[in-house]
Amino acid sequence: MKIDLGKCLVKGNKVFSGREFGEKVRRDLNLERLDNTNEKIEIAIPEDTFSLNASFFLGAFGPSVRNLGANKFKEKYIFKCEDIIKESIDDGIERALKSSNVLR
């Protein structure tokens, strides 16, 4: 299955930010249900994206990281994006697993 995160942005926006926006994307994409399938999910992030903030990532994918664990999350959700965005995703995975994270 493929998901184009670019379709979630307002036209012209190039930044994924905000926990509330991430939570909305999670609901809209029904990620809770997808977490419980055996299907691998390809997440396409537009090449012209300026940033994907930790707050957005934690809202959209934090529960998945915590439920699946880092390794299973990375096997299930395959992010297609620029390297700088992949760094933000890796940081988000680490933050999601920290027990003291205030954005949980």
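Thresholds, definitions, all that
Residues numbered from 1 in each chain as written. Predicted model: local features only at pLDDT ≥ 70, side-chain atom pairs only at ≥ 80, totals over all residues. Heavy atoms only, no water. Helix = DSSP H or I, 4+ residues; strand = E, 2+ residues; numbered from the N terminus. Rg over C-alpha atoms; globule rule 2.2 N^0.38 Å. Buried < 20%, exposed > 50% of the residue type's maximum accessible area, 1.4 Å probe, protein only. Contact = heavy atoms within 4.5 Å. Areas by Shrake-Rupley, 256 points an atom, 1.4 Å probe, with all protein chains shown as cover. Lys, Arg positive; Asp, Glu negative; His and termini not counted. Charge placed at Lys NZ, Arg CZ, Asp CG, Glu CD. Core = buried A, V, L, I, M, F, W, Y, C linked by side-chain atoms within 4.5 Å. Patch = residues over 30% accessible without salt bridge, like charges linked within 9 Å, V, L, I, M, F, W, Y side chains within 5 Å. Salt bridge = Lys/Arg side-chain N within 4 Å of Asp/Glu carboxyl O. Phe/Tyr/Trp six-rings, centres within 6.5 Å; stacked < 30°, edge-to-face > 60°.

Caption draft 1: Spotlight on the overall build of the chain. Along the backbone of the chain there are five helices and five strands. Put simply, the chain runs from its N terminus to its C terminus through helices and strands in the order β-β-α-α-β-β-α-α-β-α. In terms of overall size, the chain behaves like a compact globule, its C-alpha atoms giving a radius of gyration of 12 Å where 104 residues would be expected to give roughly 13 Å. Every one of the 104 residues in the chain was classed for burial, and the buried ones make up 35%. Considering only residue pairs separated by 6 or more positions, the chain has 77% of its internal contacts joining residues 24 or more positions apart. Total accessible area on the chain is roughly 6,200 Å²; 46% of this is exposed by carbon and sulfur atoms. Averaging the positions of the 19 positive and the 17 negative side-chain charges in the chain gives two centres separated by 4 Å.

Caption draft 2: Geometry of the nonpolar core. Counting 25 residues, the largest nonpolar core has Ile43, Ile45, Phe57, Phe61, Tyr77 and Phe79 as its most contacted members. Secondary structure elements with two or more residues in this core: helix 2 (31-35), strand 3 (41-44), helix 3 (54-68), strand 5 (77-80) and helix 5 (83-97). Counting residues per element, this core draws most heavily on helix 3, at six residues. With near-sequence residues (within four places) excluded, phenylalanine 61 lies in contact with Leu5, Arg26, Leu31, Ile43, Phe73, Tyr77 and Phe79.

Caption draft 3: Geometry of a negative patch on the surface. Together, Glu47, Glu82, Asp83, Glu87, Asp90 and Glu94 give the surface a local cluster of negative charge. In this fold, glutamate 94 is placed in helix 5. Judged by relative accessible area, glutamate 94 falls into the exposed class, the value being 52%.

Caption draft 4: The packing of aromatic side chains, seen in detail. Within the structure shown, the criterion is met by ten aromatic pairs. Ring centres of phenylalanine 57 and phenylalanine 61 lie 5.4 Å apart, and the angle between their planes is 35 degrees; this geometry places the pair in the tilted category. Here phenylalanine 57 and its partner phenylalanine 61 are both found in helix 3, four residues apart, which amounts to about one turn of the helix. Among the residues examined, phenylalanine 57 registers a relative accessible area of 0% and is labelled buried. With relative accessibility at 1%, the residue phenylalanine 61 sits in the buried group.

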